[in-house]
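Chain and residue survey
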Amino acid sequence: MLQQIENNEVIDQSTSNTSIQTNIEKELLKNMIWLRMCEETLVKLYPEQEMRTPCHFATGQEAIATGVCQALSQGDVVYSHHRCHNHYLAAGGSFFKLAAELYGRLEGCSNGKGGSVHLTARDKGFIISSAILGEDIAVAAGSAFAFKIDKLPYVAVPFFGDASCEEGSFYETLNFASLNKIPALFICENNLYSTESHIDIRAASGATIHGRAKALGIETAAIDGNNVFEVYNTVKSVLPKIRSGNGPFFLECATYRWREHVGPNFDYNVPNRTYRSKEEQEYWINERCPIKSAKQLLLNNGTVTAVEIENWEASMQIEIDDAIKRAKQGTWPDVSSLLENVY
Ligand SMILES: Cc1ncc(C[n+]2csc(CCOP(=O)(O)OP(=O)(O)O)c2C)c(N)n1
């Protein structure tokens, strides 16, 4: 997935620009479908109570993980927060290792000890996810600073939600990043809510998230995070500047989480849960689905056919079912290893 970089230039092996465009558009759609199918499989299995880890599902937010990760190159590193399945998978993390992790098995990406919020796929550049809000922003800045010191053409990319932007580490890190012109691409997924609190009751009047980054001297953009093409193109266009020492970039992506904060349910199905209306949820699910719109666009312009999509989905489901089967048959970590690699 990640392309090679040499002298700060991405080497593209393809010959025609049109075919590159067609291939990447298809790849973006296919990757979003992969994330959705993996997540929806986990959602269905979660009520069996065999995954003994709280899961923060990210249904509806696939375009950001996909658009960003597809634009990155080999050597770049990705960090994430509690809602991390999409980021891990989009960076190339194995679904089998994710499932095994959720089932607490030794074959999991963190040997069954990390659970849903502590994923890793270092060989794919996905370093770690952390449940402590704002933490991944600071740690990613450390990687970016190291790239700068070592004169490496790589970029460090932390994904985080709107609530992380209320943490002290957010402001400290952004100030450091700006001052030291480190190669970091900050990706804020603004899905409007911090657990059950809307952003309007948490932010000082008029204080947009990207505006806070701008106030610290960082170049910013605010985009539709449910438009995978916009996400991909924006990231593609800013990466060369970041790599060439121009300093960090902050991207605020507007999106929406379909399911409850933690767990597999839709909020509108949970009795007495009134922090957001059913109409609002239905609007985002029915009118603003990132996969539905991308699919429609590529079907309409002939980039992809319905049969092609059906074939992708069929082979993905086989791969997913096989991964789940193997994960459930995995090995339990030995009790004697309980305190190993735990921090
Ligand atoms: C430092 C810290 N404070 C509080 C929490 C509890 N907490 C976990 S998730 C969450 C809300 C996160 O919202 P956001 O960052 O917008 O991400 P989203 O869940 O919407 O994806 C909170 C308050 C935490 N994990 N870490």
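Preceding this section is the structure that the text describes.
Rules behind the numbers
Residues numbered from 1 in each chain as written. Predicted model: local features only at pLDDT ≥ 70, side-chain atom pairs only at ≥ 80, totals over all residues. Heavy atoms only, no water. Near = heavy atom within 4 Å. Polar contact = N/O pair within 3.5 Å; in protein donor to acceptor, adjacent residues only side chain to side chain. Areas by Shrake-Rupley, 256 points an atom, 1.4 Å probe, with all protein chains shown as cover. Axes fitted to C-alpha atoms, helices over the stretch in contact; angles between N-to-C directions. Helix = DSSP H or I, 4+ residues; strand = E, 2+ residues; numbered from the N terminus. Left-handed = near helix turned anticlockwise from the far one by under 90°. Contact = heavy atoms within 4.5 Å. Nonpolar A, V, L, I, M, F, W, Y, C, P; charged D, E, K, R; others polar. Pairing = 2+ DSSP bridges. 1 Å grid on protein atoms, 1.4 Å probe; cavity = no way out; pocket = protein on both sides within 12 Å on 5 of 7 lines; lining within 4 Å. Points joined across faces, edges and corners; volume = space filled by probe spheres on them. Phe/Tyr/Trp six-rings, centres within 6.5 Å; stacked < 30°, edge-to-face > 60°. Buried < 20%, exposed > 50% of the residue type's maximum accessible area, 1.4 Å probe, protein only.

Around the ligand lies a shell of 16 residues, among which His82, Arg83, Ala131, Asn191 and Tyr193 are the nearest. Contact between the ligand and Arg83: an oxygen atom at 2.7 Å from a side-chain N or O atom of the residue. Between the ligand and Leu133 there is a distance of 3.2 Å, counted from a nitrogen atom to a backbone nitrogen or oxygen. Here the ligand, which alone exposes 590 Å², has 74% of that area covered by the protein.

This part is about the packing of helix α2 (residues 62-71) against helix α8 (residues 228-243). As a packed pair, α2 and α8 sit with axes 8 Å apart at the nearest point and diverge in direction by 35°. Where α2 crosses over α8, the two elements pack in a sense that is right-handed. Here Ala63, Ile64, Thr66, Gly67, Val68, Gln70 and Ala71 of α2 lie close against α8, whose contacting residues are Val228, Val231, Tyr232, Val235, Lys236 and Leu239. Its residues placed into classes, the contact of α2 with α8 shows nine nonpolar, three polar and one charged.

So, about the sheet that holds strand β3 (residues 77-80). Ordered by their spatial adjacency, six strands build an open sheet running β4-β3-β5-β6-β10-β9, and the pairing between neighbours is parallel. Two strands bound the open sheet, and with one partner strand each, they are β4 (126-129) and β9 (219-224). Across the sheet, the axes of successive neighbouring strands diverge by a mean angle of 15°, strand direction being ignored. On top of the sheet, helix α6 (residues 168-180) reaches β5 (156-161), β6 (185-190) and β10 (249-254); it is set at about 150° to β6, its chief contact.

A separate point is empty space enclosed by the protein. Applying the stated criterion across every chain, the model contains two cavities of 30 Å³ or more. Space inside the second largest cavity adds up to approximately 40 Å³. Around the second largest cavity, the lining residues are Ala58, Gln61, Ala65, His81, Arg83, Asn86, His87 and Glu189. A class-by-class count of the residues in the lining of the second largest cavity yields two nonpolar, four polar and two charged.

What the rule picks out here adds up to 15 aromatic pairs. Ring centres 5.8 Å apart and planes at 90° place the aromatic pair Tyr46 and Phe57 in the edge-to-face group. Of this pair, Tyr46 sits in the loop between α1 (17-45) and α2 while Phe57 is found in the loop between α1 and α2, placing the two residues eleven residues apart along the sequence. Comparing Tyr46 with Phe57 shows no difference in burial state: the two are buried. Here Phe160 and Phe170 contribute two aromatic rings whose centre-to-centre distance is 6.3 Å and whose plane-to-plane angle is 70°, an arrangement assigned as edge-to-face. Remark: Phe170 occurs in helix α6 and Phe160 occurs in strand β5; sequence separation between them is ten residues. Exposure remark for Phe160: the relative accessible area of 0% places this residue in the buried category. Since its relative accessible area comes to 0%, Phe170 is described here as buried.

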